[in-house]
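Close look at the chain arrangement
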Amino acid sequence: MTYFSRRLPHVLTRADLAALVAPTYAAAADVDDDEALERMARAFASAGVADDFYRHVSLALTAAQGSRSEDELMDKLGKSVPKRRGRIKALASTPALSAVMVRLNLELGLAPEQLRATLEAEKGRALLEQGLRALGAHLVKDLLR
């Protein structure tokens, strides 16, 4: 899938994504903010993790676009990221969000490898997609306020 805009990875960097997801990860994994940020920086160094999040942020941006042009929306996002980066609230825990946390922990080597098969099963894939969609929508909604 192509991103909402070619500019997306430049406007919303992997480091930004890590910082934006860290509060949700900290709440879900019950770790402090610094540990969560460090873990998310490591997780988002993976192209697979970053692509999953960019894909779902792109879907949320498409849904939020309305009558704005792509450039207008990306400009607004670009102005918002530095302002909102440290103020994003954690998304409430759900089974779908737990699947996202498992995916992140697998990338970090903190979850048993057997859970990978669970995420690759039909139900696991569906929960992971639902969690990524919810987290992408949450980030976009908070950033475009």
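Given the structure is predicted, the values throughout are model-derived calculations rather than measurements. (Residues numbered from 1 in each chain as written. Predicted model: local features only at pLDDT ≥ 70, side-chain atom pairs only at ≥ 80, totals over all residues. Heavy atoms only, no water.)

Focus: the pattern of salt bridges
Selection criterion: Think of a salt bridge as a Lys or Arg side-chain nitrogen and an Asp or Glu carboxyl oxygen that are within 4 Å of each other. The helix and strand labels rest on DSSP assignments: H or I over at least four residues marks a helix, E over at least two residues marks a strand, and numbering proceeds from the N terminus. Note on classification: 1.4 Å probe, protein chains only; a residue is buried when its accessible area is under 20% of the maximum for its type, exposed when over 50%, partly exposed between these limits.
Counting across every chain of the model gives 12 salt bridges. Across the pair R42 and E38 runs a salt bridge whose closest N-O atoms are separated by 3.1 Å. Of this pair, R42 and E38 both sit in helix 3 (residues 33–43), four residues apart, which is roughly one turn of that helix. A relative accessible area of 40% means that R42 is categorised as partly exposed. Judged by its relative accessible area of 34%, E38 is partly exposed. Across the pair D142 and R84 runs a salt bridge, and its minimum N-O distance is 2.8 Å.

Some remarks on the side chain of H56
What counts here: By the convention used here, residues are in contact when the closest approach between their heavy atoms is within 4.5 Å.
With respect to the helices, strands and loops of the structure, H56 is situated in helix 4 (residues 47–64). Filtering out sequence-adjacent residues up to four positions away, H56 remains in contact with E129, L132, R133 and G136.

Quick notes on the nonpolar core
Side chains of a nonpolar character, in soluble globular proteins, are inclined to be buried together. As a reminder of what qualifies: Put simply, a nonpolar core is a bunch of buried Ala, Val, Leu, Ile, Met, Phe, Trp, Tyr and Cys residues held in one set by side-chain atoms that sit within 4.5 Å of each other.
Judged by nonpolar contacts, the single largest core of 44 residues is most densely connected at M40, F44, F53, L61, L77, V100 and L104. Contributions of two or more residues to this core are made by helix 1 (8–11), helix 2 (14–29), helix 3, helix 4, helix 5 (70–84), helix 6 (95–108) and helix 8 (122–143). Residues in contact with L61, not counting those within four places in the same chain, are F4, L8, L73, M74, L77, V140 and L144.

Some points on the packing of helix 4 against helix 8
The cut-off we apply is this: Fitting a line to C-alpha atoms yields each axis, with helices limited to the stretch in contact; the angle taken between N-to-C directions then spans 0 to 180 degrees. Roughly parallel here means an angle under 35 degrees, roughly antiparallel means over 145, roughly perpendicular means 65 to 115, and every remaining angle is called oblique. Helix crossings are classified by the rotation of the near helix relative to the far one: an anticlockwise turn of less than a right angle makes the crossing left-handed, while a clockwise turn makes it right-handed. Three categories are distinguished: nonpolar for Ala, Val, Leu, Ile, Met, Phe, Trp, Tyr, Cys and Pro, charged for Asp, Glu, Lys and Arg, and polar for the others, with Gly belonging to the last.
Close contact between helix 4 and helix 8 brings their axes to 8 Å; oriented N to C, the two are set at 55 degrees. The orientation of helix 4 with respect to helix 8, classified from their angle, is oblique. Two packed elements cross with a definite hand, and for helix 4 against helix 8 that hand is right-handed. Along its contact with helix 4, which presents D52, F53, R55, H56, V57, A60, L61 and A64, the element helix 8 presents E129, L132, R133, L135, G136, A137 and V140. The class makeup of the residues in the contact of helix 4 with helix 8 is nine nonpolar, two polar and four charged.

Focus: the packing of helix 2 against helix 8
Relative to each other, helix 2 and helix 8 sit at 110 degrees, their axes nearing to 11 Å. Accordingly, the angle class assigned to the pair helix 2 and helix 8 is roughly perpendicular. Residues L17, L20, V21 and T24 of helix 2 touch helix 8, and the partners they reach there are L135, L139 and L143. Tallied by class, residues from the contact of helix 2 with helix 8 come to six nonpolar, one polar and no charged.

By themselves these figures say nothing about function.
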